[in-house]
Amino acid sequence: SNDPHVQILRIKNRLSPEYNASRCSGGYRDVALNLRICMPETQRLGLDGHVCELQLILKSFYERRSNEGHARWVAFRNK
């Protein structure tokens, strides 16, 4: 990151052709970035250690996503 306040901790590229979406995520695909934002405001609020996830998803995937699809993913994750 070019922003000194943002630390990229991990990138999960589930759009990669090498990623086995059927086996690893129940067919779900996206790119997820785990970030930490560290600046005076987050330090003051005690949030400078908080990690957040930013999900990037193709519009066509987003339009097909549904509550039923999310329920399938949760069942897959909880196996």
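Our subject is the structure that appears above.
Definitions and cut-offs
- Once a new chain begins, its residue numbering starts again from 1 and follows that chain's sequence as written.
- With pLDDT at 70 or above as the cut-off, local features in this predicted model cover only qualifying residues; side-chain atom pairs require 80 or more to be listed or tallied, and sums for whole chains, interfaces and linings still use all residues.
- Water and hydrogen atoms were dropped before computing side-chain values, which therefore reflect all heavy atoms in the structure.
- Here a helix means four or more residues in a row that DSSP labels H or I, a strand means two or more in a row labelled E, and each is numbered from the N terminus.
- With C-alpha atoms as the basis for the radius of gyration, the globule rule is written as 2.2 Å multiplied by the number of residues raised to the power 0.38.
- Think of it in three bands: with a 1.4 Å probe and only protein chains considered, a residue is buried below 20% of the maximum accessible area for its type, exposed above 50%, and partly exposed in between.
- Residues count as neighbours in contact if any of their non-hydrogen atoms are within 4.5 Å of one another.
- Note on areas: Shrake-Rupley with a 1.4 Å probe; residue coverage comes only from the protein chains shown.
- His is not counted, nor are the chain ends; Lys and Arg add positive charge and Asp and Glu add negative charge.
- Here the site of a charge means NZ on Lys, CZ on Arg, CG on Asp, or CD on Glu.
- Put simply, a salt bridge is a Lys or Arg side-chain nitrogen that is within 4 Å of an Asp or Glu carboxyl oxygen.
- Patch construction takes residues with relative accessible area above 30% that form no salt bridge. Like charges are linked within 9 Å, and nonpolar side chains (Val, Leu, Ile, Met, Phe, Trp, Tyr) are linked within 5 Å.
- A pair of strands is treated as paired once DSSP finds two or more bridges between them.
- Throughout, an axis means a line fitted to C-alpha atoms (over the contacting stretch in the case of helices), and angles, computed between N-to-C directions, take values from 0 to 180 degrees.

On a plain count of helices and strands, the protein comes out with four helices and three strands. Order of helices (α) and strands (β) in the protein, N terminus to C terminus: β-α-β-α-β-α-α. Taken over C-alpha atoms, the radius of gyration comes to 16 Å for the protein, far larger than the 12 Å a tight globule of 79 residues would show. Taking the principal axes of its C-alpha atoms as reference, the protein extends roughly 40 × 25 × 25 Å. A buried classification covers 16% of the 79 residues belonging to the protein. Excluding contacts between residues fewer than 6 apart, the proportion of contacts in the protein whose partners are at least 24 apart in sequence is 42%. With the model as given, the accessible surface of the protein reaches about 6,200 Å², and the carbon-plus-sulfur share is 53%. Here the protein contributes 13 positive and 8 negative side-chain charges, whose respective centroids are spaced 8 Å apart.

Across all of its chains, the model carries three salt bridges by this definition. With its nearest N and O atoms 3.2 Å apart, the salt bridge here joins Lys12 to Glu53. Taken together, the residues Lys12 in strand S1 (residues 6–13) and Glu53 in strand S3 (residues 51–56) connect sequence positions 41 residues apart. Given the relative accessible area of 37%, Glu53 is considered partly exposed. Across the pair Arg44 and Glu41 runs a salt bridge whose closest N-O atoms are separated by 2.8 Å. Separated by three residues within a single helix, Arg44 and Glu41 lie in helix H2 (residues 40–44), roughly one turn from each other.

Here we take up a nonpolar patch on the surface. Taken together, the side chains of Leu15, Leu58 and Phe61 present a nonpolar region at the surface, about 220 Å² in accessible area. Counting through the fold element by element, Phe61 comes out in helix H3 (residues 59–64).

Below, the discussion takes up the sheet that holds S1. Strand order across the open sheet formed by three strands is S1-S2-S3, with antiparallel pairing between neighbours. Each end of this open sheet is capped by a strand with a single partner; those strands are S1 and S3. The sheet shows a mean angle of 25 degrees between the axes of neighbouring strands, taken without regard to direction. In terms of strand pairing, S1 meets strand S2 (residues 31–37) through seven bridges, oriented antiparallel.

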